[in-house]
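# Observations on the three-dimensional arrangement
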Amino acid sequence: MLKKSLWLAAIAVLAIGILVACGGSKDKEKSTKNAEETITIEASNFKFDKKEYEIPANKDVALKLENVDGNHAVMIEGEDVNVTGGSSDVVNLKPGEYTLRCSVPCGNGHADMVSKLVVK
């Protein structure tokens, strides 16, 4: 019984070590520093600070999310982008209009937390 517990503990420590090593947050920080432009989105309870944001097409742009009130994240519909509050991510998008939504259930007004990203 003791041997089994020790093996389980050793496997758990190994798994945690692997997950920490694969975190990659330093790589993401480097990539945001290389972005040509940074757009800051401010989120408060049930709204973003602007109805529409504009960024250049086909360029590396850092999207930075600041939580002014509450806990939020922003996702771009149809893209693999989800930025949590207090962090940023680099996007390089084709021209068009994209929908931004809060991806953290934040209360009764969560469904109304929508904005537009215009890429020109």
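In this report, we go over the structure that sits alongside the text. Everything numeric in this text was worked out from a predicted model, so none of it was measured. (Residues numbered from 1 in each chain as written. Predicted model: local features only at pLDDT ≥ 70, side-chain atom pairs only at ≥ 80, totals over all residues. Heavy atoms only, no water.)

## Brief notes about unusual backbone geometry
Residue F46 is not a glycine yet carries a positive backbone phi of 75°. As for its position among the elements, F46 is in the loop between strand 1 (37-44) and strand 2 (47-48). Residue classification places F46 among the partly exposed residues on the basis of a relative accessible area of 33%. Phi is positive for N58, close to 55°, though the residue is something other than glycine. Locating N58 in the fold gives a position in the loop between strand 3 (52-55) and strand 4 (61-67). (Helix = DSSP H or I, 4+ residues; strand = E, 2+ residues; numbered from the N terminus. Buried < 20%, exposed > 50% of the residue type's maximum accessible area, 1.4 Å probe, protein only.)

## A word on the sheet that holds strand 2
Here we have four strands laid out as an open sheet, ordered 2-1-4-7, and mixed in their pairing. Two strands in the sheet have a free side with no partner beyond their single neighbour: strand 2 and strand 7 (87-91). (Pairing = 2+ DSSP bridges.)

## Structural notes on the state of the cysteines
In protein structure, a disulfide is the covalent linkage between the sulfur atoms of two cysteines. Inspection of every chain in the model, using the stated rule, returns zero disulfides. As a non-bridged cysteine, C102 has C106 as the owner of its nearest cysteine sulfur, 4.0 Å distant. (Disulfide = S-S within 2.5 Å.)

## Quick word on the pairing of strand 4
Consecutive side chains along a regular strand alternate between the two faces of the sheet. Here strand 1 runs beside strand 4; their pairing, made up of seven bridges, is parallel. Bridging across to strand 4, T40 finds its partner in K64. Where strand 4 meets strand 7, five bridges bridge the pair, whose relative direction is antiparallel. In the strand pairing of strand 7, V61 is matched with V91.

## Looking at the nonpolar core
Counting residues in each nonpolar core, the largest one holds 23 residues, and the members touching the most others are F48, I55, I76, V91, L93 and L117. Those elements that place two or more of their residues in this core are strand 1, strand 3, strand 4, strand 5 (73-76), strand 8 (96-102) and strand 9 (114-119). Among all residues touching F48, those that are not within four sequence positions of it are I41, E42, A43, Y53, V74, L100, R101, C102, M113, V114 and S115. (Core = buried A, V, L, I, M, F, W, Y, C linked by side-chain atoms within 4.5 Å. Contact = heavy atoms within 4.5 Å.)

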